[in-house]
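# Tertiary structure, described
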Amino acid sequence: MNTTPRQQQFASDNLAGMCPSAAHWFNVANASGHVPAYGEDEWTQQVCARMRELFQTDCDVYFVFNGTAANSLALASLCQSYHSVICSDVAHIETDECGGPEFFSNGSKLLVAPSASGPHAGKLTPEAIEHLASKRRDLHFPKPKVISLTQSTELGTVYSVEEVRAISAMAKRHQLRLHMDGARFANAVAHLGCHPSDITWRSGVDVLCFGGTKNGLPIGEAVVFFDRRLSEDFAYRVKQAGQLASKMRFISAPWLGLINDDVWLDNARHANAMAQRLYQGLSALPLIELLGAPQANAVFAKLPSAVAADMRARGWRFYDFIADGGVRLMCAWDTEAATVDAFVSDMATCCTSAAG
Ligand SMILES: *Cc1c(COP(=O)(O)O)cnc(C)c1O
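Here the residue index of a chain counts from 1 through its sequence in written order. Thresholds applied to this predicted model are a pLDDT of at least 70 for local features of residues and 80 or more for the giving and counting of side-chain atom pairs; totals over whole chains, interfaces and linings are not thresholded and use all residues. The side-chain numbers reported here are obtained from all heavy atoms of the structure, hydrogens and water having been left aside.

### Structural notes on the site of the ligand
The environment of the ligand is formed by Asn66, Gly67, Thr68, Asn71, His92, Glu97, Thr150, Glu154, Asp181, Ala183, Arg184 and Lys214. Polar contacts here mean pairs of N or O atoms no more than 3.5 Å apart (in protein, one a potential hydrogen donor and the other a potential acceptor; neighbouring residues in sequence count only if both atoms are side-chain atoms). Take Gly67: an N or O atom from its main chain is 2.9 Å from an oxygen atom of the ligand. Thr68 is positioned such that a nitrogen or oxygen atom in its side chain is 2.5 Å from an oxygen atom of the ligand. By the convention adopted, Pro, Cys, Tyr, Trp, Phe, Met, Ile, Leu, Val and Ala count as nonpolar, Lys, Arg, Asp and Glu as charged, and the other residues, Gly among them, as polar. Of the residues contributing to the shell around the ligand, the split by class is 1 nonpolar, 6 polar and 5 charged. In these notes, residues near a molecule or strand are those with any non-hydrogen atom within 4 Å of it.

### Regarding the domain arrangement of the protein
Segmentation into domains, and thus their bounds, comes from an automatic or database assignment. Taken domain by domain, the protein holds domain 1 (20-263) and domain 2 (264-355). On a C-alpha basis, the centres of domain 1 and domain 2 stand 28 Å from each other. Contacts are assigned to residue pairs with any non-hydrogen atoms lying within 4.5 Å of each other. Contacts between domain 1 and domain 2 engage 26 residues on the former and 17 residues on the latter. When a carboxyl oxygen of Asp or Glu is within 4 Å of a side-chain nitrogen of Lys or Arg, the pair counts as a salt bridge. Remark: the boundary between domain 1 and domain 2 carries 0 salt bridges. The interface formed by domain 1 and domain 2 includes 13 residue pairs in polar contact (both at pLDDT 80 or more). Secondary structure elements with two or more residues in the side of domain 1 that touches domain 2: α8 (185-192) and α10 (249-259). The numbering of helices and of strands both runs from the N terminus, where a helix is a DSSP run of H or I of at least 4 residues and a strand a run of E of at least 2.

### Concerning the side chain of Thr200
With respect to the element layout, Thr200 can be found in the loop between α8 and β6 (207-211). Thr200 gets classed as buried once you look at its relative accessible area, which sits at 0%. Residues within four places of Thr200 in sequence aside, it is in contact with Phe55, Met180, Phe185, Val205, Leu208 and Phe226. Any residue under 20% of the maximum accessible area for its type is buried, any over 50% is exposed, and the rest in between are partly exposed; the area is computed with a 1.4 Å probe on protein chains only.

### Quick look at the sheet that holds strand β10 (residues 319-320)
Spatially, the 4 strands line up as an open sheet ordered β8-β9-β11-β10, and their pairing is antiparallel. Of all strands in the sheet, those with a lone pairing partner are β8 (289-290) and β10, marking the two edges. Axes, fitted as lines to C-alpha atoms, cover a helix only where it is in contact. Angles between the N-to-C directions of the axes lie from 0 to 180 degrees. Along the sheet face, helix α11 (residues 263-283) touches β8, β9 (298-302) and β11 (326-330) and points at about 20° away from the line of β9. Only strands that DSSP links by at least two bridges are regarded as paired with each other.

### Details of the pattern of salt bridges
Here the structure, examined in full by the defined rule, presents 16 salt bridges. As a salt-bridge pair, Asp227 and Arg177 come within 3.0 Å of each other at their nearest N and O atoms. Linking Asp227 in the loop between β7 (221-225) and α9 (234-240) with Arg177 in strand β5 (residues 177-182), this pair joins segments that are 50 residues apart in sequence. On the basis of relative accessible area, Asp227 is assigned to the buried category, the value being 11%. Look at Arg177 and you get partly exposed, because its relative accessible area is 25%. Residue Asp320 pairs with Arg312 through a salt bridge whose shortest N-O separation is 3.4 Å.

### Quick word on helix α13 (residues 337-355)
With 19 residues, α13 should reach 27 Å at 1.5 Å per residue; the first-to-last C-alpha distance of 27 Å fits that figure. Of all the positions in α13, only Thr339, Val340, Phe343, Val344, Asp346, Met347, Cys350 and Cys351 are classed as buried. Viewed end-on, α13 has its buried residues packed into an arc of 165°, placing them on one side of the element. Away from the buried face of α13 by more than 90 degrees, exposed residues Ala338 and Thr352 are located. Buried residues belonging to α13 abut α11, α12 (305-313) and β11. Multiplying one less than the number of residues by 1.5 Å gives the expected span of a helix. Relevant arc is that of directions from the helix axis to the C-beta atoms, nothing else.

### A word on the pairing of strand β2 (residues 83-88)
Of all 6 residues that make up β2, 6 are buried, and the element is covered over most of its length. A two-sided burial pattern is seen for β2, the buried positions comprising His83, Val85 and Cys87 on one face and Ser84, Ile86 and Ser88 on the other. Both β2 and strand β4 (residues 143-150) contribute to a ladder of 4 bridges, which runs parallel. Paired with His83 across the bridge in β4 is Lys143. Bridge count between β2 and strand β3 (residues 109-113): 5 bridges; the pairing is parallel. Opposite Ser84, over in β3, you have Lys109 as the bridge partner.

Structural data, given as structure tokens:
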């Protein structure tokens, strides 16, 4: 059956399909016939070895179906039920995981810090962490145990290497563990141009949830333990949570398509570049207020509600994200320049009719 691809959209970077190299390895794994299940297969072993090469360290790697499970199970492995996790008030673990981290940790509390604003939107600061980590030290309040950073953040900003180090120093001072929600880790590395180890274990990150889905995989995220003592019994958590894929090779093998030849970075660079193109295009339009130059693959803008409604009537899909007419526009690994240009052109038309 021939199907015409649907119009590309900016609603989310998980609207895109899988990239050709991930699809290639998915098919190669399928062509290998009967192979051992539950991660005992050669593909899973190979990807774990490649991950260790990529990060230049002897890390423990696990695969789960999605980011909510990756974050929830990683945090549960760092916390007891009487502990707490310091995160930003816009963190995915706080706003979009239906209480998964609290549930899987049997009740660990999330302590949220007001997200910074302006160029640091979405980020935690060492000062905010210090405040939350020290304001209560009595046993009537859950004991702070973990800091969770999102890299790149939910508001499209990227922590610099220095910022991760400063937060890590604060973590050490308060004996906190450091977790990184890397659903868009690739976009952060592409933006910074650093080595992936620079913003993870070399800067004190204990566990990384390494996102593959938004970077071009069909499905699946990797949980990477840099402190291997923390992964003790993690396989049992994964199984109990219903996250152990029996045909694990179909989650793991496509990672070869991302890691080989640094496709993951090419995919992220492309998505980031499309966000820059979108930002440039929209910045020329009246009535559109852009919120900060993009660092990763997201553009945030405020539009008059008439313009947003008109754009939606023309078939464009995007999410209201922040209050007062703010929308989020996400670019994916396959977003075409022509899609960006068509969106900007429609936006120009909508602005003109709204102004007239
Ligand atoms: C997309 C995303 C996740 C993962 O979400 P799932 O829908 O559970 O796969 C986690 N963290 C952030 C910041 C995300 O944007």
